[in-house]
Amino acid sequence: MARCPPEVVQRRAETEKLLAMETEDVVTAMKTERTQVVIVGAGPAGMLLGHILTRCGIDNVVLERQSKAHVLQRIRAGVLEAHSVEVLRRWGLADRLDAVGAVKDGSQIVWQDRPGHFIDVRKWTGSPMFAYGQTMLTEDLYAARARSGEDVSDEVTQLTFHDLATANPWLTYERGGQSHRLDCDFVAGCDGFQGLARAAIPQAFQRNFGRVYPFAWLGIMVQRPPIPDFTYAYHATGMALAAQRNPMLSRYYIQVPLTEKIEDWPDDRFWETLLLRFPSDLAARIQTGPSIEKSIAPLRSFVSEPMRHGRLFLAGDAAHIVPPTGAKGLNLAISDIHFLSTALIDRYQTGSDTLLESYSATALRRVWAAELLSWRLTNLLHPMPEEDAFAQRLRQAEYDTLLRSEAAQQALALDYAGVPYL
Ligand code: APR
Ligand code: PHB
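**Some details on the overall build of the protein chain**
Okay, step 1: When you go through the protein chain residue by residue, the secondary structure sums to 13 helices and 20 strands.
Okay, step 2: When the backbone C-alpha atoms are referred to their principal axes, the protein chain occupies close to 85 × 55 × 40 Å.
Okay, step 3: Counted over contacts in the protein chain with a minimum sequence separation of 6, partners at least 24 positions apart contribute 72%.
Okay, step 4: For the protein chain, the exposed surface amounts to about 19900 Å²; the carbon and sulfur share of it is 53%.
Okay, step 5: In the protein chain, 44 positive and 50 negative side-chain charges are present, and the distance between their average locations comes to 2 Å.

**Brief notes about the pattern of salt bridges**
Pairing is possible between side chains that carry opposite charge, provided their charged atoms lie close to one another.
Okay, step 1: One pass over the full model with this rule turns up 19 salt bridges.
Okay, step 2: R34 is the partner of D185 in a salt bridge, and the nearest nitrogen-oxygen pair spans 2.4 Å. Here R34 lies in strand β1 (residues 31-34) and D185 lies in the loop between β11 (178-183) and β12 (186-189), a separation of 151 residues in the sequence.
Okay, step 3: Since its relative accessible area comes to 17%, D185 is described here as buried.
Okay, step 4: For E81, the salt bridge goes to R366, with nearest N and O atoms at 2.9 Å. Of this pair, E81 sits in the loop between β4 (79-80) and α4 (82-90) while R366 sits in helix α11 (residues 354-381), placing them 285 residues apart in sequence. Each member of the pair, E81 as well as R366, is classed as buried.
Okay, step 5: Taken together, the salt bridges that share partners define one network made up of E81, K328 and R366.

**Concerning the nonpolar core**
Okay, step 1: Judged by nonpolar contacts, the single largest core of 70 residues is most densely connected at L48, L80, L88, L171, I334 and L340.
Okay, step 2: Counting residues per element, this core draws most heavily on helix α10 (residues 329-350), which supplies ten residues.
Okay, step 3: Once residues within four sequence positions are removed from consideration, L88 is found in contact with L48, L80, L93, A94, L97, L137 and I334.
Okay, step 4: Formed by 30 residues, the second largest nonpolar core is a distinct cluster that contains Y213, F215, L299 and A413.

**Considering helix α8 (residues 267-277)**
The periodicity of an α-helix, 3.6 residues per turn, causes residues three or four places apart in sequence to face the same way.
Okay, step 1: Where α8 is concerned, the buried positions are F270, W271, T273, L274 and R277. One face of α8 carries all of its buried residues, which in axial projection span an arc of 165°. Looking at α8, the residues exposed on the side facing more than 90 degrees away from the buried face are D268, E272 and L276.
Okay, step 2: If you follow the buried residues of α8, they end up packed against β13 (207-222), β14 (231-234), β15 (240-246) and β16 (249-256).

**A short note on the site of ligand 1**
Okay, step 1: Close to ligand 1 lie 25 residues, the nearest being E64, R74, R76, Q134 and D317.
Okay, step 2: Within the side chain of R74, a nitrogen or oxygen atom sits 2.8 Å from an oxygen atom of ligand 1.
Okay, step 3: If you list the elements that add at least two residues to the shell around ligand 1, you get α2 (44-55) and α10.
Okay, step 4: In terms of residues, the shell around ligand 1 owes the most to one element, α10, which gives three residues.
Okay, step 5: Residues of the shell around ligand 1, tallied by class, amount to eleven nonpolar, eight polar and six charged.

**Topic: the site of ligand 2**
Okay, step 1: With respect to spatial proximity, 14 residues lie near ligand 2, and among them Y232, R245, Y253, P324 and G326 are the closest.
Okay, step 2: G326 is positioned such that a nitrogen or oxygen atom in its backbone is 3.0 Å from an oxygen atom of ligand 2.
Okay, step 3: Isolated, ligand 2 exposes 280 Å² of accessible area, and the fraction of that covered by the protein chains is 100%.
Okay, step 4: The element that contributes the greatest number of residues to the shell around ligand 2 is β15, accounting for three residues.

**Quick word on the pairing of strand β6 (residues 106-111)**
Okay, step 1: Extensive coverage of β6 is indicated by the burial of five of its six residues.
Okay, step 2: As consecutive antiparallel partners, β6 and strand β7 (residues 114-120) are separated by two residues, and within that stretch D113 has a phi angle of approximately 60°, a positive value.
Okay, step 3: Alignment of β6 against β14, held across four bridges, turns out to be parallel. Note that in β14 the partner of W111 across the bridge is Y234.

**Some points on the side chain of R366**
Okay, step 1: The buried category is assigned to R366, whose relative accessible area is 3%.
Okay, step 2: Leaving out residues up to four positions away in the same chain, R366 has contacts with E81, H83, N331, L332, S335, F339, G418, V419, P420 and Y421.

**Quick notes on unusual backbone geometry**
Okay, step 1: With an omega of -10°, the peptide bond running from E305 to P306 counts as cis.
Okay, step 2: Position of P306 among the secondary structure elements: in the loop between β17 (291-305) and β18 (308-309).
Okay, step 3: Its identity is not glycine, yet Q158 carries a phi of approximately 55°, on the positive side.
Okay, step 4: Counting through the fold element by element, Q158 comes out in strand β9 (residues 157-162).
Okay, step 5: Even without being a glycine, D163 presents a positive backbone phi close to 55°.
Okay, step 6: Within the secondary structure, D163 is located in the loop between β9 and β10 (170-175).

Thresholds applied
- Residues numbered from 1 in each chain as written.
- Chains lettered and ligands numbered in written order.
- Predicted model: local features only at pLDDT ≥ 70, side-chain atom pairs only at ≥ 80, totals over all residues.
- Heavy atoms only, no water.
- Helix = DSSP H or I, 4+ residues; strand = E, 2+ residues; numbered from the N terminus.
- Contact = heavy atoms within 4.5 Å.
- Areas by Shrake-Rupley, 256 points an atom, 1.4 Å probe, with all protein chains shown as cover.
- Lys, Arg positive; Asp, Glu negative; His and termini not counted.
- Charge placed at Lys NZ, Arg CZ, Asp CG, Glu CD.
- Salt bridge = Lys/Arg side-chain N within 4 Å of Asp/Glu carboxyl O.
- Buried < 20%, exposed > 50% of the residue type's maximum accessible area, 1.4 Å probe, protein only.
- Core = buried A, V, L, I, M, F, W, Y, C linked by side-chain atoms within 4.5 Å.
- Arc of directions from axis to C-beta.
- Near = heavy atom within 4 Å.
- Polar contact = N/O pair within 3.5 Å; in protein donor to acceptor, adjacent residues only side chain to side chain.
- Nonpolar A, V, L, I, M, F, W, Y, C, P; charged D, E, K, R; others polar.
- Pairing = 2+ DSSP bridges.

By themselves, these observations are geometric and do not establish any function.
Given below as structure tokens:
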């Protein structure tokens with residue numbers, strides 16, 4: 001084996017001395033802090049949890065990868081279950097929702113060459129649903145955090161989780177050129193589907209379930225009055241959906257092949273495709289116009305179990321994804337946080353771990369109900385690429401059952417409304 005010449009050995013010794021000094025510098029430059037709960041991700045799940053914990057005097061820090069401006073301009077769905085609205089009201093977050101959110105008795109399905117069907121949530125559950133954009137709810141949550149004198153640590157990078165399976169978890173991250181170490185009692189992984197929290201759980205402790213659908217949704221936003229009801233249109237050429245944000249803002253979607261590119265969808269082509277999929281009387285009432293936003297999203301179902309590893313608790317899209325059919329994603333984020341915040345509050349007030357222990361199972365009960373509903377609606381309302389005539393006939397038979405059977409109508413309305421929390 002070759003021996004190192006003496007001058008190299010000396011150079012190496014000097015380098016090691018320098019490196020040791022640098023490490024020391026890094027150690028002293030690292031800002032070390034402590035909080036009770038670290039919340040990773042400032043989407044609706046993380047921000048709602050932060051708000052509830054702050055209200056209950058539980059110290060928390062919210063870390064977000066993106067800038068605040070980026071988070072606030074993201075466009076997502078806009079349907080809230082009565083259960084979600086109840087949670088928001090309980091925590092003082094529903095003033096604007098109650099002032100400008102539209103109360104909806106349910107949603108409509110229209111079908112090529114068949115009568116339509118109204119999913120009558122109010123009739124079967126006694127409560128309505130609400131049209132309120134996630135973008136507005138996110139604004140409300142940021143405003144509430146600012147009012148309580150807390151902030152969001154945004155634009156964090158290099159986030160790393162440590163000792164999650166011990167009683168003393170901690171995180172390290174960079175922000176604005178400063179290295180941080182944050183010690184805590186618990187970590188809430190609310191960092192969405194692409195986040196790092198779920199990936200911090202060793203694979204041996206985690207089981208993933210999922211489906212990827214063979215098509216996508218192309219959505220646009222347009223400054224035109226919406227048609228009165230959320231309306232899903234089934235057509236042999238694909239599904240279309242009329243949704244809404246406020247009396248002057250409409251959101252429309254069409255099913256497209258996974259391979260489609262936005263640049264191939266100028267507004268004219270979008271409108272022509274959409275209007276063809278609605279019955280002519282409804283198509284005549286849809287006010288078209290220039291899009292102010294346009295995006296394509298693939299559809300997937302995904303659940304990661306359990307929603308806990310040691311002191312790390314997953315909530316919202318970090319743990320599960322639903323296809324947008326049924327608009328359950330935001331509602332699941334709210335119910336997860338309801339269960340998680342209740343468990344954390346109980347832990348800090350009584351010292352009991354019981355609710356934290358049952359958090360994953362409790363949250364997953366609702367998650368799987370929503371997975372089932374959104375999977376069923378997706379299969380009912382979308383012609384699948386390359387499906388055969390047998391599959392098409394079955395879909396029509398399923399819709400005919402819905403038209404004919406009051407029991408089927410009630411079952412769909414109850415699932416669409418979201419299962420009660422307990
Ligand atoms: N560090 C910090 N934050 C992160 C990281 C990271 N490494 N990775 C992702 N994030 C942030 C994202 O930038 C995002 O702001 O976590 C946040 C997750 O927010 P959402 O994706 O909105 O997820 P969630 O709060 O669970 O809300 C679920 O929102 O995504 C929709 O359709 C979904 O309606 C559903 C709801
Ligand atoms: C929306 O408002 O964007 C929306 C509504 C209903 C859905 C999906 C999306 O099923």
